[in-house]
Amino acid sequence: QVQLVESGGGLVQAGGALRLSCAASGLTFSRYPMGWFRQAPGKERKFVAGISWNGSTAYADSVKGRFTISRDNAKNTVYLQMNSLNSEDTAVYYCAAALHPAWSDSRSIDYWGQGTQLTVSS
């Protein structure tokens, strides 16, 4: 029923920029805080950015000042604008929805997308 579909991943040069999109369906999008997580090979899935229903945002220290999360409730879509990319940003990026998120705790996430790969070349 609920689907979160990520898009926009790919290969980008170090120092470049890319925007990820997550299209949601099957839920009342405007009522759900939305977030992005990422997982590099051999590492745990970690929080990247989150945005609440009222537009309040939160970011991991590693991306603060470089990444911007936003949402368009009319399009049921959440975005992640990624600037000044470096090789450490290489990961699979997952879209997440949670009615009551605790961003540092992945167990609080209600729905996950399938993920989209970002590879940053050095």
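The preceding data block contains the structure.
Note that the structure is a prediction, hence the values are computed from the model and not measured. (Residues numbered from 1 in each chain as written. Predicted model: local features only at pLDDT ≥ 70, side-chain atom pairs only at ≥ 80, totals over all residues. Heavy atoms only, no water.)

**Considerations on unusual backbone geometry**
Leave glycine aside and you will find that most residues have negative phi; peptide bonds, for their part, are mostly trans.
Thinking step 1. For Asn 76, which is not a glycine, the phi torsion comes out positive at approximately 50°.
Thinking step 2. Here Asn 76 is to be found in the loop between β7 (67-72) and β8 (77-82). (Helix = DSSP H or I, 4+ residues; strand = E, 2+ residues; numbered from the N terminus.)

**Some thoughts on the state of the cysteines**
By definition, a disulfide links the sulfur atoms of two cysteine residues through a covalent bond.
Thinking step 1. Following the criterion strictly, the structure yields one disulfide and no others.
Thinking step 2. Disulfide pairing places Cys 22 opposite Cys 95 at an S-S distance of 2.1 Å. One disulfide, between Cys 22 and Cys 95, carries an S-S torsion of -85° and so falls in the left-handed class. Note that Cys 22 is positioned in strand β3 (residues 18-25) and Cys 95 in strand β9 (residues 91-97), a separation of 73 residues in sequence.
Thinking step 3. Look at Cys 22 and you get buried, because its relative accessible area is 0%. (Disulfide = S-S within 2.5 Å. Buried < 20%, exposed > 50% of the residue type's maximum accessible area, 1.4 Å probe, protein only.)

**Points about the nonpolar core**
Thinking step 1. Core analysis: the biggest nonpolar cluster contains 28 residues, and Met 34, Trp 36, Val 78, Leu 80 and Tyr 93 have the highest contact counts within it.
Thinking step 2. Within the residue set of this core, elements represented by two or more residues are β3, β4 (34-39), β5 (46-51), β7, β8, β9 and β11 (116-121).
Thinking step 3. It is β9 that contributes the most residues to this core, four residues altogether.
Thinking step 4. For Val 78, the contacting residues outside a window of four places in its chain are Leu 20, Ser 21, Cys 22, Phe 29, Met 34, Trp 36, Ile 51, Ile 69, Ser 70, Arg 71 and Cys 95.
Thinking step 5. One finds Phe 37, Phe 47, Ala 96 and Trp 103 within the second-largest nonpolar core, a separate group that totals six residues. (Core = buried A, V, L, I, M, F, W, Y, C linked by side-chain atoms within 4.5 Å. Contact = heavy atoms within 4.5 Å.)

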